[in-house]
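Okay, here's what each chain looks like letter by letter:
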Amino acid sequence: MTTNPAGGVHDAARRVVLTGFGVFSSIGVGAAEFAEGLRSGRSGAKPITVFDTEGFEHTNGCEIRGFEPERWIRNLDAAQLGRASQFSVAAARMAVQDAGLDPADLREQRGLISIGTTDGESWDLDRLVASQLAKGSAEMDRSIAGRIRAGRLSASIAQELGLTDVEAVTIPTACAAGNYAIGYGFDAVRSGEADYALCGGADAMCRKTFAGFYRLGTIAPERCQPFDIDRKGLLTGEGAGVLLLETLESALARGARIYAEVLGYGLNCDADHQVAPLESSVARCMELALENAGVKPEEVDLISAHGTGTKANDVTESRAIRSVYGTTPPRTVSVKSMLGHTMGAASALAAIACSLAITHGFIPPTINHASTDPECEIDCVPNEAVEADLRIVQNNGLAFGGNNAVVLLGRYEA
Amino acid sequence: MANVTAEQAATIKEIVCEILELEEDEVTGESLFREDHGADSLRAIEILASLEKEFKVTIDQAELSRMVNLNGVYEVLAESAGW
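Residues numbered from 1 in each chain as written. Chains lettered and ligands numbered in written order. Predicted model: local features only at pLDDT ≥ 70, side-chain atom pairs only at ≥ 80, totals over all residues.

## Describing the overall build of chain B
Within chain B, the regular secondary structure consists of four helices and zero strands. Order of helices (α) and strands (β) in chain B, N terminus to C terminus: α-α-α-α. Its C-alpha atoms give chain B a radius of gyration of 11 Å, within 12% of the compact-globule value 12 Å for 83 residues. In terms of principal-axis extent, the alpha carbons of chain B reach across some 30 × 25 × 20 Å. Evaluated residue by residue, chain B yields a buried proportion of 20% over its 83 residues. Intrachain contacts of chain B at a sequence separation of at least 6 include 55% that bridge at least 24 residues. (Helix = DSSP H or I, 4+ residues; strand = E, 2+ residues; numbered from the N terminus. Rg over C-alpha atoms; globule rule 2.2 N^0.38 Å. Buried ≥ 20, exposed ≤ 12 C-beta atoms within 10 Å, placed from the backbone. Contact = placed C-beta atoms within 7 Å.)

This is the structure:
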């Protein structure tokens, strides 16, 4: 094995590592429980209760039951935040705690908060519109109307943790937004513009998006089966993943546990079609990420696919992978088989999953898998996790409108 | 010709032209939404959804493959509605 750090960057002040995770998902809360869920191939699918599903024939989703935001949100009134902000703020506090930091430590440093989302507070918007239809505009709840803006997902983190020397941005690049947010944080920390970054994604399930995906014919009746010949679509999900990024120098100085290193990322937008992914541009995005990270395709040990379980995504993405990686691509899994599609949180949760896979030496399985579609020529590690020594992992995020974002993570090597 | 009345056919054509942003004289029973009029899969779903709403029927999404022109739409709708 090479002794060079992956990506070839040696300066500890310019290497960016992940030292804290905040996780809310339908298969586990917190990094430890999430890792256990991934390893055991847990499914988050269950009947949807967070909104009215009357009129829909199939009503499964990967929602989070028993979420207690007030356990994590101490300075703000949790009840005054939308559900997506509750997820993002709770996950941010958890990430800081998981990193062994006190918010007071961060207050003295320059920071960045970047949170990706697809729907922002659309769950609230659903309720607001329902009330407007039922009772008229005059009866719309002012406090709900006041918290709809997606900017709240990141600004509320700064408020809750008392972080004043920060840029707080919400990145609304739909289903690739988590990776976009990580890429932004990576640049800020690597360049020295920020000392740390809290990056990730958050979304709460909502009726609007469920209905939209349903109408597109992309909602699976019961379960999500990425790359399977009989796959029937995705299940919507919810949650948040927040990652704490800091320089290697800073992590070493304070003796922090290092989950993984961020090696680089790639972004592109082809704007080719509202919903259909474009193979050549997905491939190009992976190349951009590899180039940015200074990694050769043959060095990648695992790909965490966007892997929604729709007909269109899985074929296009597999082909794009083979066009970059050749006829023997690395094993390619979809954690959406377990978590559902958590929208803006998806690639953030998947990046955490990749890091935990590196840390704990296993590949999370693609569950619900019976028979691989011959048009998806990849090994998706069906149903059972496998032990694996992972050095470099690629995390794909592909979004509507041809917004693609790919992040490369590596095992920390001195 | 599918079992639709002149009135139903006119309403269907109006809906299709509205969604595809076409003048009614540009569309014939045979002209293809995708190839001749530049429609994509999302427009097709919009047509299906609007017809379901207007005529209070349910159209199986698998029928989209037949709804490539107005005559195809008339047929599928007549079958789905039991006309």
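## Regarding the overall build of chain A
Secondary structure assignment for chain A yields 13 helices and 15 strands. Scaling as 2.2 N^0.38, a compact globule of 414 residues should have a C-alpha radius of gyration of about 22 Å, and chain A matches this with 20 Å. When the backbone C-alpha atoms are referred to their principal axes, chain A occupies close to 65 × 55 × 40 Å. For chain A, the residues scored as buried account for 57% of the 414 residues in total. For chain A, the share of sequence-separated contacts (at least 6 apart) that also reach a separation of at least 24 residues comes to 80%.

## Remarks on the domain arrangement of chain A
Residues and elements named next belong to chain A. Split by domain assignment, chain A resolves into domain 1 (16–253) and domain 2 (263–410). Averaged C-alpha coordinates put domain 1 and domain 2 at centres separated by 20 Å. Listed per partner, the contact involves 62 residues of domain 1 and 58 residues of domain 2. No other element matches helix α7 (residues 177–190), which puts eight residues into the side of domain 1 that touches domain 2. (Domains from an automatic or database assignment.)

## Some details on the confidence of the model for chain B
Regions with low pLDDT should not have their predicted coordinates read in detail. Per-residue pLDDT for chain B averages 93, and the proportion of residues at 70 or more is 99%. Across the assembled chains, the prediction reports ipTM 0.71 with pTM 0.92. (pLDDT = per-residue confidence, 0-100.)

## Some details on the packing of helix α2 (residues 83–98) of chain A against helix α6 (residues 152–161) of chain A
Residues and elements named next belong to chain A. At a minimum axis distance of 9 Å, the contact between α2 and α6 shows a crossing angle of 45°. As far as their axial angle goes, α6 and α2 are oblique. Helix-helix and strand crossings are classified by hand; for α2 and α6 the assignment is right-handed. Side by side, α2 and α6 meet where Ala84, Ser85, Ser88, Val89, Ala92, Arg93 and Val96 of the first sit next to Arg152, Leu153, Ser156, Ile157, Glu160 and Leu161 of the second. Its residues assigned to classes, the contact of α2 with α6 shows seven nonpolar, three polar and three charged. (Axes fitted to C-alpha atoms, helices over the stretch in contact; angles between N-to-C directions. Parallel < 35°, antiparallel > 145°, perpendicular 65-115°, else oblique. Left-handed = near helix turned anticlockwise from the far one by under 90°. Nonpolar A, V, L, I, M, F, W, Y, C, P; charged D, E, K, R; others polar.)

## Re the nonpolar core
Grouped together as the largest cluster of nonpolar side chains are 134 residues, with contacts concentrated most on Ala91, Ala95, Leu243, Leu245 and Ile352 of chain A. By residue number, the principal contributor to this core is helix α13 (residues 346–360) of chain A, which donates 11 residues. Mapped onto the domain boundaries, this core takes at least three residues apiece from domain 1 (16–253) and domain 2 (263–410) of chain A. If near-sequence neighbours (up to four positions away) are discounted, Leu243 of chain A is found in contact with Leu18, Phe21, Ala95, Ile182, Cys199, Gly200, Ala348, Ala351 and Ile352 of chain A. Core analysis: the second largest hydrophobic core is formed by 16 residues, Ala44, Leu51, Met67 and Val73 of chain B among them. (Core = buried A, V, L, I, M, F, W, Y, C linked by C-beta atoms within 7 Å.)

## Some details on the interface of chain A and chain B
Between chain A and chain B, the residue contacts involve six residues of the former and five residues of the latter. For the side of chain A that touches chain B, the residue count by class is two nonpolar, three polar and one charged.

## Observations regarding the packing of helix α1 (residues 6–20) of chain B against helix α4 (residues 70–81) of chain B
Residues and elements named next belong to chain B. Remark: α1 packs on α4, axes separated minimally by 11 Å, with the N-to-C direction vectors making an angle of 125°. In terms of orientation, α1 lies oblique with respect to α4. Crossing of α1 against α4: the hand is right-handed. Here Ala9, Ile12, Lys13 and Val16 of α1 come into contact with α4, specifically with Leu70, Val73, Tyr74 and Leu77. Among the residues forming the contact of α1 with α4, the class breakdown is seven nonpolar, no polar and one charged.

## Regarding α7 of chain A
The first and last C-alpha atoms of α7 of chain A sit 20 Å apart over 14 residues, in line with the 20 Å expected at 1.5 Å per residue. Trailing α7 of chain A by a residue or two, Gly192 of chain A shows a phi angle of about 85°, which is positive. (Expected span 1.5 Å × (residues − 1).)

## Quick notes on helix α10 (residues 279–293) of chain A
All names here are of chain A. Between its first and last C-alpha atoms α10 spans 21 Å; for 15 residues at 1.5 Å apiece the expected length is 21 Å, and the two agree. Turning to α10, the residues buried within the fold contact β9 (260–269), α11 (311–325), β14 (392–399) and β15 (403–410). Positive phi shows up at Gly294, right after α10, with a value of about 65°.

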